[in-house]
Amino acid sequence: MAERAALEELVKLQGERVRGLKQQKASAELIEEEVAKLLKLKAQLGPDESKQKFVLKTPKGTRDYSPRQMAVREKVFDVIIRCFKRHGAEVIDTPVFELKETLTGKYGEDSKLIYDLKDQGGELLSLRYDLTVPFARYLAMNKLNNIKRYHIAKVYRRDNPAMTRGRYREFYQCDFDIAGNFDPMIPDAECLKIMCEILSSLQIGDFLVKVNDRRILDGMFAICGVPDSKFRTICSSVDKLDKVSWEEVKNEMVGEKGLAPEVADRIGDYVQQHGGVSLVEQLLQDPKLSQNKQALEGLRDLKLLFEYLTLFGIDDKISFDLSLARGLDYYTGVIYEAVLLQTPVQAGEEPLGVGSVAAGGRYDGLVGMFDPKGRKVPCVGLSIGVERIFSIVEQRLEALEEKVRTTETQVLVASAQKKLLEERLKLVSELWDAGIKAELLYKKNPKLLNQLQYCEEAGIPLVAIIGEQELKDGVIKLRSVTSREEVREADRKAKGQNVCHFGRPMPIQDLSKAWHSH
């Protein structure tokens, strides 16, 4: 400390000398020489750690959520969960971190985005990158042959975040998966039906679901002349076609990944095609592609899939797109991705590019990677990109200046006069015990106007008012906050068990009906 104090004093004196020379208009050489001495002293001194300010912020790629934002999120989650349950799914949970070995080698080029944790007593761990690989580990570990499950939880990716577009390092995934041996394409068709149901229910705009098959891609790469060792890396390049032009993708294939230009051109002839079942039929007649066993299997399954999608009434939402590749290594069959056709723009909104809002596919070999005997359990599933959906919904609500209720309180217990705290506490307890969502202000003698203002700010629809006259008559008055009109009168003589609604007795539990009618 003494040494630092001495250095600080020297810096101070040298600073004064430099300022003095400048005032005296000394020669530039002399000033430069003394400034150099000052900088040298400052470098010796170094930063004072005790004076450094701690910047209070969330880590890069993460965010806090306000009550308003959480209310929006809960509504979105509710739509998704109700759909998952409607289709008969059970719910599971898995640890937020896994053994590093569990996650290694499952994500192709994206493996570099996995968060590794420090050695915690002999186990090398990583934060989960998605919910699919932990699900496959769960199936293998518990020797399960079939399950229809959903899982909503946070995952972690060491990505470059673009938070305005709903891209984060910590974010929620909402997954639905069907595991088991079933007849071809029936579970796959249901997954696409679920995706369409959820996106339609959320009303975030028109969408299109792109569909392809990894077997078709692999067959296409084979007939185009891509070496087996480059299949996955070329697949990853093709997957970027929804973000960049074909020329940029071709340059990456040839320049960075060493693919021959003529091979890239042959790939380009295929991956720039998209359409419906007619394109599937056209490719089934393709002289080269139809000779590849893998591609032929994929095309036949896609034709069957389109038949089921027509029966489900969603074929108009589906497009067979040969550029869809889904970069993850574990996909083995049908793959799909939902994109918004246009950015939903309301009055006052800025266009918001959010990319894909749901995706998924078939991964028949993943469980076998964890099973000691290599036992395979076919799986197909989907994941809803809720963070991107939240970005759209939040922006829309802000543009419309729409008020969002952050509580579910049905009634505020208020008093019109002083010294009625005990009566308010008794009544609010009575309401809670009856299952009614109720509040009171934490003041002994709150003004009635303040209590009504609190109701308006919080969106509470009803107020139960206790006054001296009401106590004398053994009743409470229930008023609508917006109209200030009396909508109920509760009889307390029967110890809160009955209320009268315009002379008709009713149980106190039915007080909650006022919430629905007002």
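Here the residue numbers are simple positions, counted from 1 along each chain's written sequence. Local features in this predicted model are restricted to residues of pLDDT 70 or higher, and side-chain atom pairs are both shown and tallied only at a pLDDT of 80 or more, whereas totals for entire chains, interfaces and linings draw on every residue. By convention in this description, side-chain values take in all heavy atoms of the structure and omit both hydrogens and water.

Caption draft 1: Focus on empty space enclosed by the protein. Here a cavity denotes a set of grid points, spaced 1 Å apart and computed over the protein atoms alone, in which a 1.4 Å probe fits but from which it cannot get out, and a pocket denotes an open set meeting protein on both sides within 12 Å along at least five of seven lines; residues with an atom within 4 Å of a point are reported as lining. Grid points are joined across faces, edges and corners, and a volume is the space filled by probe spheres set on the points. Applying the stated criterion across every chain yields a total of one cavity of 30 Å³ or more. Roughly 60 Å³ of internal volume is contained in the largest cavity. Lining the largest cavity are K210, V238, D239, L241, D242, D321, S323, L324, A325 and E337. Ten residue types, Ala, Val, Leu, Ile, Met, Phe, Trp, Tyr, Cys and Pro, are classed as nonpolar, four, Asp, Glu, Lys and Arg, as charged, and the remainder, Gly among them, as polar. When the residues that make up the lining of the largest cavity are grouped by side-chain class, the tally is four nonpolar, one polar and five charged.

Caption draft 2: Highlighting the packing of aromatic side chains. The aromatic pairing rule takes the rings of Phe, Tyr and Trp, using the six-membered ring of Trp, and pairs them if the centres are within 6.5 Å, calling planes under 30 degrees apart stacked, those over 60 edge-to-face and the rest tilted. In total, this model carries nine aromatic pairs according to the counting rule given. Centre to centre, the rings of F84 and Y150 are 5.5 Å apart; their planes meet at 40 degrees, and the pair counts as tilted. Of the two residues, F84 is situated in helix α3 (residues 67–86) and Y150 in strand β4 (residues 147–156); the sequence distance between them amounts to 66 residues. Throughout this description, buried means an accessible area under 20% of the type-specific maximum (1.4 Å probe, protein chains only), exposed means over 50%, and partly exposed covers the range between. Of the residues examined, Y150 reaches a relative accessible area of 7% and is grouped as buried. Ring centres of Y107 and Y129 lie 4.3 Å apart, and the angle between their planes is 45 degrees; this geometry places the pair in the tilted category. Placement of Y107 in the loop between α4 (100–103) and β3 (125–127) and of Y129 in the loop between β3 and α5 (132–141) is noted, with a sequence separation of 22 residues between them. Neither Y107 nor Y129 differs from the other in exposure class; each is buried. Taken together, the aromatic side chains of Y107, Y129, Y330, Y331 and Y363 make up a single cluster linked through ring pairs. Charge-over-ring contacts are defined here by two conditions on Lys NZ or Arg CZ: a distance within 6 Å of the ring centre and an angle within 35 degrees of the ring normal. Over the aromatic face of Y129 sits the side chain of R157, whose NZ or CZ is 3.8 Å from the ring centroid. Helix and strand definitions follow DSSP, with helices as H or I runs of at least four residues and strands as E runs of at least two, each counted in order from the N terminus.

Caption draft 3: How the structure looks around the UniProt feature "coiled-coil region" (unreviewed entry) in the protein chain. UniProt positions are given in the numbering used here, feature names are shortened, and annotations may be inferred rather than shown by experiment. Mapped onto this structure's residue numbering, the UniProt feature "coiled-coil region" (unreviewed entry) falls at residues 390–417. The annotated region residues 390–417 carries 39% helix and 18% strand content, and the separation between its end C-alpha atoms amounts to 45 Å.

Caption draft 4: Local environment of helix α14 (residues 386–400). Taking 1.5 Å per residue as the helical rise, α14 with its 15 residues ought to reach 21 Å, and the 21 Å between its terminal C-alpha atoms agrees with that figure. Most of α14 is tucked away, with twelve of its 15 residues classed as buried. What α14 keeps buried is the set V386, E387, R388, I389, F390, S391, I392, V393, E394, Q395, R396 and L397. Here a residue-residue contact requires only that any non-hydrogen atoms of the pair lie within 4.5 Å. Close packing links the buried residues of α14 with α3, β5 (170–179), α6 (186–202), β9 (334–340), β10 (356–362) and β11 (379–384). Backbone geometry just after α14 places E401 at a positive phi near 50 degrees. A helix is expected to span 1.5 Å multiplied by its residue count minus one.

Caption draft 5: Looking closely at the environment of K12. Here K12 shows up in helix α1 (residues 2–23). Residue classification places K12 among the partly exposed residues on the basis of a relative accessible area of 48%. Along the sequence, K12 and L41 sit 29 residues apart, while their C-alpha atoms lie 9.9 Å from each other.

Caption draft 6: Main features of the packing of α6 against helix α12 (residues 293–311). Note on geometry: axes are lines fitted to C-alpha atoms, helical ones only across the stretch in contact, with angles between N-to-C directions running from 0 to 180 degrees. Where α6 meets α12, the axes come as close as 9 Å, and the angle between the chain directions of the two elements is 50 degrees. One element, α6, and the other, α12, form an angle in the oblique class. Relative to α12, α6 is oriented so that their crossing is right-handed. Only L305, Y308 and L309 of α12 make contact with α6, whose side of the interface consists of I186, D188, A189 and L192. A class-by-class count of the residues in the contact of α6 with α12 yields six nonpolar, no polar and one charged. Any angle between 65 and 115 degrees counts as roughly perpendicular, while under 35 counts as roughly parallel, over 145 as roughly antiparallel, and the rest as oblique. Take the far helix as the reference: if the near one is turned anticlockwise from it by less than a right angle, the crossing is left-handed, and if turned clockwise, right-handed.

Caption draft 7: Molecular detail of the sheet that holds β5. As summarised here, the arrangement of the nine strands in space is β1-β4-β5-β11-β10-β9-β6-β8-β7, forming an open sheet in which the pairing is mixed. Looking along the sheet, the strands with just one partner apiece sit at the ends: β1 (90–91) and β7 (274–275). One bridge is not enough; two strands pair if DSSP finds at least two bridges between them. Bridge count for strand β6 (residues 207–213) against β9 is seven bridges, and the pairing is antiparallel. By the bridge assignment for β9, N212 is matched with I335. Sheet strands in contact with α12 are β6, β8 (318–321) and β9, and its direction is about 170 degrees off that of β8.

Caption draft 8: Structural context of the pairing of β10. Among the seven residues of β10, seven are classified as buried, and the element is accordingly described as predominantly covered. As paired elements, β9 and β10 share five bridges and run antiparallel to each other. Paired with E337 across the two strands is A359, which belongs to β10.

Caption draft 9: Layout of the nonpolar core. What makes a nonpolar core is a set of buried Ala, Val, Leu, Ile, Met, Phe, Trp, Tyr and Cys residues whose side-chain atoms join them at distances within 4.5 Å. Core analysis: the biggest nonpolar cluster contains 103 residues, and F84, V209, F221, I267, F320, Y336 and I384 have the highest contact counts within it. When residues of this core are assigned to their parent elements, the largest contribution, nine residues, is made by α6. Ignoring any residue separated from it by four or fewer positions in sequence, one finds I267 in contact with M220, F221, C224, V226, I234, V238, W246, M253 and L259. One finds A438, L440, L462 and V487 within the second-largest nonpolar core, a separate group that totals 15 residues.

Caption draft 10: Representation of the layout of surface pockets in the model. The space that makes up the second largest pocket amounts to roughly 360 Å³. Lining of the second largest pocket is provided by 17 residues; of these, V72, K75, L202, V393 and L397 occupy positions nearest its centre. Of all elements in the fold, only α3, α6 and α14 reach the threshold of two or more residues within the lining of the second largest pocket. Top element by residues in the lining of the second largest pocket is α14. It accounts for five residues. When grouped by side-chain class, the residues that make up the lining of the second largest pocket number ten nonpolar, two polar and five charged.

Caption draft 11: Summary view of unusual backbone geometry. Here the phi dihedral of K25 falls at roughly 60 degrees; this positive angle occurs in a residue that is not glycine. Position of K25 among the secondary structure elements: in the loop between α1 and α2 (28–45). For K25, a relative accessible area of 74% corresponds to the exposed category. With phi around 50 degrees, K143 is a residue other than glycine that occupies positive phi space. Along the chain, the position of K143 falls in the loop between α5 and β4. Overall, the relative accessible area of 64% leaves K143 in the exposed class.

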